[in-house]
Amino acid sequence: MRIMRHHATILILLGTLVLDVQTSLAQQKVGKPKVTNLPSKEIPADITAELDVVYARYGKRELHVDLFRQKTVQRPMPTLVVVHGGGWLKGDKNKFRAMAIQLARQGFVTVAVEYRLGGEALFPAAIHDCNAAVRFLRARADKYLVDPKRIGAVGGSAGGHLVGLMATASHVAGFQGQGGNPEQSSRIQAAVVLAGPLELATGSVAEKSRKDPENSNANKWFGKTIDEAPELYRQASPFTHVSKETPPILFMAGELDYPARNEGTRNKLKALEIETGIVVVKDGKHGCWNREPWFSLMLKDMNTFFRRTLK
């Protein structure tokens, strides 16, 4: 009888262990914990939002912007074009909505831009779109309370690269496209690059194009590898186009996101006596600009920079 009772105890314990394991596995299947440090994308009561405004047409294809400004604004204000990231292949204008809203609350008109991704159209379609958005804003400046002489841009990752091209290559005819308002300039007066690669013909972008071509976003976006089209990569690099006409560019990156990226571009800007610099945020990883606490910290520096350069 003692032996039977002992066996029963073991069975009960084993049953409890099986139950615990099953419970643990069930918990794992629920998924990752909910991210709680995302800034809010809710449009606050003090902000006027004009969503899905068509800014360009290519045949039946329409491209849209979302515009934000304080409800109290009654005169033209400095304006910021906000360009989302996503490796040139994914993402949408909602991705940086929180940033656009909070910068609008600082007194800017902000404009989150939809652009054609690589799965729809290869380079240079995306920069055509970003430049078309700037021209649209100048053409409709009175309607949207945009100061056409004070337009800046901010973008993260792939969006940072596009902002870099907006800043350095507005004079390149091949980057203008057929997005409308050709009588307007696409030149911007200041830029913030959030960990966007500006030197595509060298560094990590070129290295991945060669060593891991199947997984290279650049290869998919350009339709060619660096070795198949080295001049294409060079022309797509904002570094190539830096000149005395380039406006101030502030670089921002997380401490854990290779802050040395674009050092060559910063050196080139400094040699031309163009305002530049880098803000590195402690413990930040790639994309930290859309996570707290880095979101609020980086917005403060953006606000300070744009207020000085777009005054």
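Since this is a predicted model, take the numbers as computed values, not measurements.

A.B. asks: Requested: an account of unusual backbone geometry, with residues and values cited.
C.D. replies: Here the amide bond leading from Phe123 into Pro124 is cis, since omega sits at 15 degrees, within 30 degrees of zero. Mapped onto the elements, Pro124 comes out in the loop between strand S4 (109-113) and helix H3 (125-139). Here Glu292 and Pro293 are connected by a cis peptide whose omega angle stands at 5 degrees. Looking at where Pro293 falls in the secondary structure, it is placed in the loop between strand S8 (276-281) and helix H11 (294-309). A positive phi angle, near 70 degrees, is found at Asn262, a position not held by glycine. Within the secondary structure, Asn262 is located in the loop between strand S7 (249-254) and helix H10 (263-271).

A.B. asks: Which residues make up the sheet that holds strand S5 (residues 146-156), and what values do they have?
C.D. replies: Read from one edge to the other, the open sheet built from 8 strands follows the order S1-S2-S4-S3-S5-S6-S7-S8, with strand pairing classed as mixed. With partners counted over all chains shown, the strands left at the sheet margins are strand S1 (47-58) and S8, one partner each. Neighbour-to-neighbour, the strand axes of this sheet turn through a mean angle of 20 degrees, independent of strand direction. Relative to S4, strand S2 (residues 61-70) runs antiparallel, the two being bridged by 4 bridges. Pairing of Phe68 across the sheet is with Thr110, part of S4. Helix-sheet contacts for H3 involve S1, S2, strand S3 (77-83), S4 and S5, and the interaxial angle to S1 is about 120 degrees. Packing of H10 onto the sheet brings it into contact with S7 and S8, and relative to S8 it is tilted by some 145 degrees.

A.B. asks: Tell me about the confidence of the model for the chain, and name the residues and values.
C.D. replies: Scored by pLDDT, the chain has a mean of 91; 89% of the residues are at 70 or more. A low-confidence stretch, residues 1-30 stays under pLDDT 50, and its non-local contacts, those more than four residues away or across chains, total 0 contacts.

A.B. asks: Describe in detail the environment of Leu297, supporting the description with residues and values.
C.D. replies: The topology assignment puts Leu297 in helix H11. As for Leu297 and Val281, which are separated by 16 residues in sequence, their C-alpha atoms are 8.0 Å apart.

A.B. asks: Break down the packing of aromatic side chains for me, with residues and values.
C.D. replies: Applying the stated rule across the entire model yields 9 aromatic pairs. Plain terms: the ring middles of Phe123 and Phe222 are 5.1 Å apart, the flat faces sit at 70 degrees to each other, and that makes the pair edge-to-face. Placement of Phe123 in the loop between S4 and H3 and of Phe222 in helix H7 (residues 217-222) is noted, with a sequence separation of 99 residues between them. Between the aromatic rings of Trp221 and Phe222, the centroid separation amounts to 5.1 Å while the plane-to-plane angle is 50 degrees, which identifies the pairing as tilted. For the pair Trp221 and Phe222, one class covers both residues: buried. Feature note: the residues Trp88, Phe123, Phe175, Trp221, Phe222 and Tyr233 constitute an aromatic cluster, connected by ring pairs. Against the face of Phe251 rests Arg266, its NZ or CZ located 5.1 Å from the ring centre.

A.B. asks: Account for the side chain of Thr309, with residues named and values stated.
C.D. replies: Within the fold, Thr309 resides in helix H11. The buried category is assigned to Thr309, whose relative accessible area is 19%. At 2.9 Å, the side chain of Thr309 forms a polar contact with the backbone oxygen of Phe305.

Procedures and definitions
Residues numbered from 1 in each chain as written. Predicted model: local features only at pLDDT ≥ 70, side-chain atom pairs only at ≥ 80, totals over all residues. Heavy atoms only, no water. Helix = DSSP H or I, 4+ residues; strand = E, 2+ residues; numbered from the N terminus. Pairing = 2+ DSSP bridges. Axes fitted to C-alpha atoms, helices over the stretch in contact; angles between N-to-C directions. Contact = heavy atoms within 4.5 Å. pLDDT = per-residue confidence, 0-100. Phe/Tyr/Trp six-rings, centres within 6.5 Å; stacked < 30°, edge-to-face > 60°. Buried < 20%, exposed > 50% of the residue type's maximum accessible area, 1.4 Å probe, protein only. Lys NZ or Arg CZ within 6 Å of the ring centre and 35° of its normal. Polar contact = N/O pair within 3.5 Å; in protein donor to acceptor, adjacent residues only side chain to side chain.

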